[in-house]
Amino acid sequence: MLSAIWETEGLQTVGIVVLVFASIKLLHILGLISFSEDSVEDELELSAVRHRPEGLEQLEAQTRFSRKELQILYRGFKNECPSGVVNEETFKDIYAQFFPQGDASTYAHFLFNAFDTDHNGSVSFEDFVMGLSILLRGTVQEKLIWAFNLYDINKDGYITKEEMLDIMKAIYDMMGKCTYPVLKEETPRQHVEVFFQKMDKNKDGVVTIDEFIDCCQNDENIMRSMHLFENVL
Amino acid sequence: MAAGVATWLPFARAAAVGWLPLAKKTMPKPPVDNSSRSDEILYVNVSGVRFQTWKNTLDRYPDTLLGSSEKEFFYNEDTQEYFFDRDPEMFRHILNFYRTGKLHYPRHECVQAFDEELAFYGIVPEIIGDCCMEEYRDRKKENQERLAEDTEANEATDAPLPPHSTSRERLWRAFENPHTSTMALVFYYVTGFFIAVSVIANVVETVPCRPPKGSVKDLPCGEKYQLAFFCMDTACVLIFTFEYLMRLFAAPSRCKFMRSVMSVIDVVAIMPYYIGLVMPENEDVSGAFVTLRVFRVFRIFKFSRHSQGLRILGYTLKSCASELGFLLFSLTMAIIIFATVMFYAEKGTKGSTFTSIPASFWYTIVTMTTLGYGDMVPNTIAGKIFGSICSLSGVLVIALPVPVIVSNFSRIYHQNQRADKMRAQQKVRLARIRMAKKGTSNAFLQYKEDHTLGDRNSDSTALCVKNRSAFEHQHNHLLHCLEKTTNHEFTDEMTYSELCMTESVGFRTSRSTSLSSQQGAQNNSTGCCPRRARRRAAMRLANSTVSVSRGSVQELDTLQFKTTSIPPQTRSSLNAQPDNLKLNCGDQDFTAAIISIPTPPANTPDESLPPTPTPVPGILRNTRATAYTHETVKISSL
């Protein structure tokens with residue numbers, strides 16, 4: 001009688017322990033819990049997207065760079081991005097290195113969208129080189145169109161005050177904190193007002209591309225500064 | 001700046017076209033780049049092995065030998081190549097660093113040879129990539145320890161006494177190094193003998209001796225020959241006390257000596273005797289006193305002064321204390337688990353010895369270490385099952401060879417420590433990045449100064465343009481363009497903090513320094529320098545910038561205290577009247593800061609700055625110049 005009680009109690013313990021282990025195993029099989037720190041099924045990283053650019057001759061035809069220049073550009077590009085494409089994070093990191101005092105990430109985001117003409121989320125060498133071609137070797141008209149494209153965040157053909165404000169804030173962010181005179185909160189807004197007063201001829205609250213180009217062509221300062229970066233590269 | 005950044009500079013400059021229509025002011029002229037654009041291949045001959053590389057590759061790191069003009073010293077006109085009389089095997093790694101931006105440490109090389117090569121080529125070892133950094137550090141540490149041991153051994157043996165040493169120094173030396181004089185040797189052996197005598201006496205006094213006449217029970221010798229043992233104990237303790245006091249007297253740094261391990265052991269060894277003398281013959285207390293006598297066994301540790309091996313053992317145990325602790329912890333966990341299970345398995349049994357879980361601990365330990373005394377035995381089936389599992393697992397624990405366990409734990413330990421190391425390295429890395437960024441911005445400020453001075457006086461342009469690379473010129477021009485676009489100028493942190501102080505005193509409005517749209521109502525009304533820490537890092541620029549700005553805020557805070565002290569130093573360098581500056585810095589400079597903004601004189605009211613030789617356009621430029629020169633001094637001293 002007593003031994004029966006002992007055996008029942010002991011076997012009960014065994015049964016409970018077996019049940020607990022079995023349920024844990026079941027949950028593990030179902031994938032609800034995992035035992036190792038890293039997830040059991042590692043999210044397979046998509047194999048690095050490898051992008052090969054078009055041939056040298058084609059790029060030479062499409063851009064205004066010489067063969068040698070394209071070679072130099074590509075060597076540098078490929079060295080930095082062996083996979084052949086730049087994604088937005090890398091883009092932001094690269095651009096941020098030039099502006100240590102401020103935060104260049106917002107402006108880099110807009111720049112990225114301006115360079116990524118086919119909007120596929122990454123900048124390939126062709127995008128890169130086409131953008132550079134316009135900026136460094138293009139006509140003033142092309143440069144202005146590029147700038148307009150940069151400011152027009154949603155690419156609808158109009159620059160609104162909000163878009164301009166975003167861009168302006170992004171630019172001022174790059175300045176950082178330690179500036180003289182001290183940056184005030186209204187500064188970008190004031191700058192936007194000045195810009196709109198100058199550019200928005202028909203005072204409808206948006207700047208179209210024609211207004212923009214017209215106004216810039218009439219402004220001597222801007223026209224002169226357009227030739228500033230021509231000897232880069 | 002990082003290597004590849006030079007590649008992206010043309011892109012960054014091109015992107016500046018986006019600012020042009022918005023610029024409020026005219027843009028500065030770009031620097032003229034006279035260097036030939038075409039890339040050329042350089043030949044580098046290292047002890048006969050010829051390497052070829054693009055010139056651009058080497059130019060990536062302008063602060064190293066190969067990247068700067070220093071390599072011209074090694075140029076050989078006859079063969080049109082750069083010749084280095086160094087190890088070509090090592091050079092391969094150095095050159096790969098230029099190509100890929102990552103420095104690898106070759107494992108088969110001697111770490112010192114590698115260090116020497118790096119020093120020759122002007123490369124800092126800290127930039128060794130993560131993949132090889134740990135190995136490099138370990139080898140370096142090993143090397144250093146070995147060297148330290150050698151120097152210690154060398155110093156210890158030879159080195160005759162300096163001629164005019166006090167008796168105290170001679171005494172200390174005699175204690176530390178007994179082979180120097182005969183007296184010291186004698187003392188050394190005498191103390192060793194007495195330690196042995198004391199330990200043996202402690203052991204022997206518990207052995208049962210033949211009982212005295214008239215008694216049946218066996219007595220321990222300690223009680224039979226109580227007087228003899230007491231005399232021996234007294235003699236030993238006297239010797240030890242004398243030795244301790246002499247060491248204390250002779251020690252060059254008494255506090256350090258008192259905190260050292262050996263001194264603690266000495267004290268612990270002789271304390272029981274004195275406590276025993278002092279304590280009355282009380283029944284209750286003598287129980288505790290008996291326990292105290294246990295500490296007499298610590299006298300055996302005094303042998304470690306006499307034995308090198310014991311010291312090494314102690315050092316080894318100390319160095320892997322954490323691994324042993326972890327091992328102990330995991331064993332404890334296993335013991336607790338099994339003890340609990342055994343207790344509940346055996347609970348129902350009548351007359352079971354498993355009365356509680358702590359009582360089961362003993363069973364678990366005995367079973368796991370395969371001792372199996374048999375004083376506690378499970379009776380139920382479940383108990384027997386778990387008992388056998390327990391002993392099998394104990395066998396596993398004991399049967400694994402000790403090196404395997406040690407290496408396993410060492411590996412796990414290092415894996416966990418790697419996260420901490422990474423974090424520590426990250427801090428260092430961030431600090432370096434911050435310094436580099438400060439250096440960059442300061443370089444830009446200096447460039448601007450030269451530039452403005454150059455605009456006025458074209459003759460001195462050539463002089464002002466210091467030895468800067470084309471890259472720096474172009475980068476500075478880019479930053480200049482940004483300034484013109486926004487009509488604000490870059491300043492350094494000190495000037496900014498001065499501005500902040502004046503504005504917070506004068507104007508109570510809270511200013512925000514971050515202008516992104518997320519700010520909203522998160523401004524602290526603490527003046528113009530709210531903490532950026534609260535700003536949501538929605539912009540996912542890798543935390544570097546945010547943490548840098550956080551860091552810079554912290555620096556700013558510390559600087560706010562320092563600004564009171566820094567300006568006097570710079571002015572002292574100009575003034576050559578240091579006595580005037582021993583003023584109470586607190587209020588004076590604060591008022592100076594207020595004054596310096598609205599009114600022209602940039603000086604504290606009670607001293608005058610000697611006229612600076614170069615004409616200075618603005619007030620703050622002057623302070624910035626002085627502040628900046630101080631900055632340069634600071635950085636170069638680093």
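Thresholds applied
- Residues numbered from 1 in each chain as written.
- Chains lettered and ligands numbered in written order.
- Predicted model: local features only at pLDDT ≥ 70, side-chain atom pairs only at ≥ 80, totals over all residues.
- Heavy atoms only, no water.
- Helix = DSSP H or I, 4+ residues; strand = E, 2+ residues; numbered from the N terminus.
- Buried < 20%, exposed > 50% of the residue type's maximum accessible area, 1.4 Å probe, protein only.
- Contact = heavy atoms within 4.5 Å.
- Areas by Shrake-Rupley, 256 points an atom, 1.4 Å probe, with all protein chains shown as cover.
- Polar contact = N/O pair within 3.5 Å; in protein donor to acceptor, adjacent residues only side chain to side chain.
- Expected span 1.5 Å × (residues − 1).
- Pairing = 2+ DSSP bridges.
- Axes fitted to C-alpha atoms, helices over the stretch in contact; angles between N-to-C directions.
- pLDDT = per-residue confidence, 0-100.

What about the overall build of chain B?
Scanning chain B from N- to C-terminus turns up 24 helices and 7 strands. By residue count, 38% of the 638 residues in chain B fall in the buried class. Excluding contacts between residues fewer than 6 apart, the proportion of contacts in chain B whose partners are at least 24 apart in sequence is 61%. Working note: accessible area of chain B is about 36,700 Å², and carbon and sulfur atoms make up 62% of it.

Describing the environment of Thr380 of chain B
All names here are of chain B. With respect to the helices, strands and loops of the structure, Thr380 is situated in the loop between helix H15 (357–368) and helix H16 (381–399). Of the residues examined, Thr380 reaches a relative accessible area of 4% and is grouped as buried. Between the C-alpha atom of Thr380 and that of Met342, which follows or precedes it by 38 residues, the distance is 9.8 Å. Only 2.9 Å separates the side chain of Thr380 from the backbone nitrogen of Gly383, close enough to count as a polar contact.

Quick look at H15 of chain B
Taking 1.5 Å per residue as the helical rise, H15 of chain B with its 12 residues ought to reach 16 Å, and the 16 Å between its terminal C-alpha atoms agrees with that figure. Downstream of H15 of chain B by one or two residues, Thr370 of chain B has phi in the positive range, about 60 degrees.

Some points on the sheet that holds strand S4 (residues 81–84) of chain B
All names here are of chain B. Ordered by their spatial adjacency, 4 strands build an open sheet running S2-S1-S4-S3, and the pairing between neighbours is mixed. A single partner strand is all that each edge strand has here, and the edge strands are strand S2 (49–54) and strand S3 (75–76). Relative to S2, strand S1 (residues 41–46) runs antiparallel, the two sharing 6 bridges. Within the sheet, the bridge partner assigned to Leu42 lies in S2 and is Thr53. Relative to S2, helix H3 (residues 88–100) is tilted by about 5 degrees, and along the sheet it contacts S1 and S2.

Topic: the pairing of S1 of chain B
A regular strand places its side chains on the two faces of the sheet in alternate fashion. All names here are of chain B. Here S1 folds back onto S2, and the loop between the two strands holds 2 residues, one of which, Ser47, carries a positive phi near 50 degrees. As judged from the 3 bridges shared by S1 and S4, these two strands associate in the parallel manner. Bridge pairing in S4 links Val44 to Tyr82.

Brief notes about the confidence of the model for chain B
All names here are of chain B. Within chain B, residue pLDDT values average 71, and 64% of them lie at 70 or more. The model gives residues 458–464 a pLDDT under 50, and that stretch makes 3 contacts with residues more than four places away or in other chains. Across residues 507–638 the pLDDT falls below 50, and counting only partners more than four positions away or on other chains, this stretch makes 164 contacts in the model. As a predicted assembly, this complex carries a pTM of 0.47 together with an ipTM value of 0.71.

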